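# A closer look at the structure
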Amino acid sequence: MYKQIASALLLGSFLMGSRAGADVYVVTTDTTLEDIAKRVGGNKVTVESLARAGDDPHQVDPRPSMVVKLARAKVFARIGMDLDIWVPAILDKSGNSQVQVGGKGYCDCSQNLRILEAPTAKLDPSQGDVHVYGNPHYLLDPANGILAAGNIAAALIRVDPANQPYYHQRFQDFGKEVVARLAKWKEKLASVKGLPVVTYHRSWVYFLARFGLKEYGTVEPKPGIPPSPGHINDLVKSMKADGVKVLLTESFRSARFPTLISEQSGAKVVSVPVAVDADPAAGDYFKLFDTIVDRLAAGFR
Ligand SMILES: [Zn+2]
């Protein structure tokens with residue numbers, strides 16, 4: 001692994017020397033932040049994601065190519081809150097002081113977030129809960145894209161102050177578009193407001209709160225812990241009693257438990273992408289939420 005990284009770094013510095021133009025090179029943890037960074041940075045930036053579109057954001061395998069990207073990055077934008085717990089090891093290996101925590105190009109997109117499910121006592125991940133700093137799935141509330149874009153704009157302005165008006169304007173434009181689209185998405189889900197939804201993982205608390213749906217229960221008894229047969233039986237029993245119609249799950253997950261629960265409870269499984277490009281229909285930030293909202297609305301019909 002170390003030998004691979006060393007040669008990858010050499011190759012990286014060679015490629016960097018031959019890169020054309022003076023774009024700000026931005027690296028993001030995932031494809032959703034990649035799309036947001038492209039929207040804010042426009043033609044002043046080149047953006048690449050570390051994770052692939054279909055990855056489980058909690059479980060991304062570090063690769064030598066990621067270290068190379070971070071070594072060249074002028075800005076590194078991450079989701080934070082330990083959702084990207086796989087980041088610190090590769091960030092450290094990159095040796096790039098500009099994008100280390102506290103560096104000019106370091107950007108934690110969760111900064112200033114109104115955290116949901118903040119723990120009252122410090123949790124121990126070995127106890128079977130991966131959300132130790134509160135719920136980290138804030139990017140699934142489309143309004144939090146504005147927060148991420150603002151944090152990215154601030155980082156771009158720190159490393160490239162000459163283009164401050166440009167980044168500021170594009171951030172404003174993105175914010176306006178999110179607000180306009182949000183009104184349309186809310187309209188589409190207005191008729192199912194207040195209805196209960198079972199989710200696979202606690203990925204949806206920000207989304208459900210935004211659209212006024214009720215999180216009824218989860219397939220996982222705790223975030224990151226697979227269900228026991230007893231947990232599934234209890235869930236199915238109460239879903240049937242309360243007429244829960246929809247089980248919402250991420251498309252990267254196995255269909256095994258959702259299918260089982262659907263067969264026994266009669267609820268419909270709604271499988272959706274949770275990052276840009278994780279589905280052919282979700283090619284950008286707005287299409288991602290179009291897809292989630294449309295599939296969810298259809299699930300109740
Ligand atoms: Zn999670």
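Predicted model, so just to flag it, every value in this text is computed and none were measured.

## Remarks on the packing of helix α6 (residues 164–189) against helix α10 (residues 285–299)
The N-to-C vectors of α6 and α10 enclose an angle of 10 degrees; their axes lie 9 Å apart at closest approach. Judged by the inter-axis angle, α6 sits roughly parallel to α10. Residues R181, W185, K188 and L189 of α6 touch α10, and the partners they reach there are F286, F289, V293, L296 and A297. When grouped by side-chain class, the residues that make up the contact of α6 with α10 number seven nonpolar, no polar and two charged.

## Examining the sheet that holds strand β3 (residues 75–78)
In spatial order, the strands read β2-β1-β3-β4; together these four strands make up an open sheet with parallel pairing. Pairing within the sheet leaves two strands with one partner each, and these edge strands are β2 (45–49) and β4 (106–108). In this sheet, neighbouring strand axes are inclined to one another by 20 degrees on average, regardless of whether the strands run parallel or antiparallel. Contacting β1 (24–28), β2 and β3, helix α2 (residues 31–41) crosses the sheet at an angle of about 175 degrees to β2.

## Comments concerning the packing of helix α8 (residues 229–242) against helix α9 (residues 256–265)
One way to put it is that α8 packs onto α9 with a least axis distance of 9 Å and a crossing angle of 40 degrees. Classified by the angle between their axes, α8 and α9 sit oblique to one another. When the axes of α8 and α9 are compared, the crossing they make is right-handed. From α8, I232, L235, V236, M239 and K240 reach across to α9, where they touch F257, L260, I261, Q264 and S265. Class assignment of the residues belonging to the contact of α8 with α9 gives a composition of seven nonpolar, two polar and one charged.

## Points about unusual backbone geometry
Located in the positive-phi region is D82, a residue other than glycine, with phi close to 70 degrees. On the secondary structure map, D82 appears in the loop between β3 and α4 (87–94). A tally of 18 C-beta atoms within 10 Å means that D82 is categorised as partly exposed. One non-glycine residue, E117, lies in positive phi territory at about 60 degrees. Mapped onto the elements, E117 comes out in the loop between β4 and α5 (144–159). Of the residues examined, E117 has 14 C-beta atoms within 10 Å and is grouped as partly exposed.

## As for the domain arrangement of the protein chain
Domain boundaries in the protein chain define domain 1 (2–181) and domain 2 (189–299). A separation of 27 Å is found between the C-alpha centroids of domain 1 and domain 2. Taken together, the contact pairs 27 residues of domain 1 with 23 residues of domain 2. Looking at the side of domain 1 that touches domain 2, the elements that each hand over two or more residues are α2 and α5. No other element matches α2, which puts five residues into the side of domain 1 that touches domain 2. Within the side of domain 1 that touches domain 2, the residues separate by chemical class into eight nonpolar, ten polar and nine charged.

## Structural notes on the nonpolar core
Formed by 83 residues in total, the largest nonpolar core has its most connected members in V40, L70, V75, A77 and I152. The residues that make up this core include at least three from each of domain 1 (2–181) and domain 2 (189–299). Setting aside anything within four residues of it in sequence, one finds A77 in contact with V26, T28, L33, A37, C107, C109, I152 and A155.

## So, the sheet that holds strand β7 (residues 246–250)
Reading across from one edge, β6-β5-β7-β8 is the order of the four strands in this open sheet, with parallel pairing throughout. Both outer strands of the open sheet, β6 (214–218) and β8 (268–272), are each paired with one neighbouring strand and no more. Pairs of neighbouring strands in the sheet enclose a mean axial angle of 35 degrees, with direction left out of account. Direction of pairing for strand β5 (residues 196–199) relative to β6: parallel, over a ladder of four bridges. What sits directly across from T199, in β6, is T218.

What counts, and at which threshold
- Residues numbered from 1 in each chain as written.
- Predicted model: local features only at pLDDT ≥ 70, side-chain atom pairs only at ≥ 80, totals over all residues.
- Axes fitted to C-alpha atoms, helices over the stretch in contact; angles between N-to-C directions.
- Helix = DSSP H or I, 4+ residues; strand = E, 2+ residues; numbered from the N terminus.
- Parallel < 35°, antiparallel > 145°, perpendicular 65-115°, else oblique.
- Contact = placed C-beta atoms within 7 Å.
- Nonpolar A, V, L, I, M, F, W, Y, C, P; charged D, E, K, R; others polar.
- Pairing = 2+ DSSP bridges.
- Left-handed = near helix turned anticlockwise from the far one by under 90°.
- Buried ≥ 20, exposed ≤ 12 C-beta atoms within 10 Å, placed from the backbone.
- Domains from an automatic or database assignment.
- Core = buried A, V, L, I, M, F, W, Y, C linked by C-beta atoms within 7 Å.

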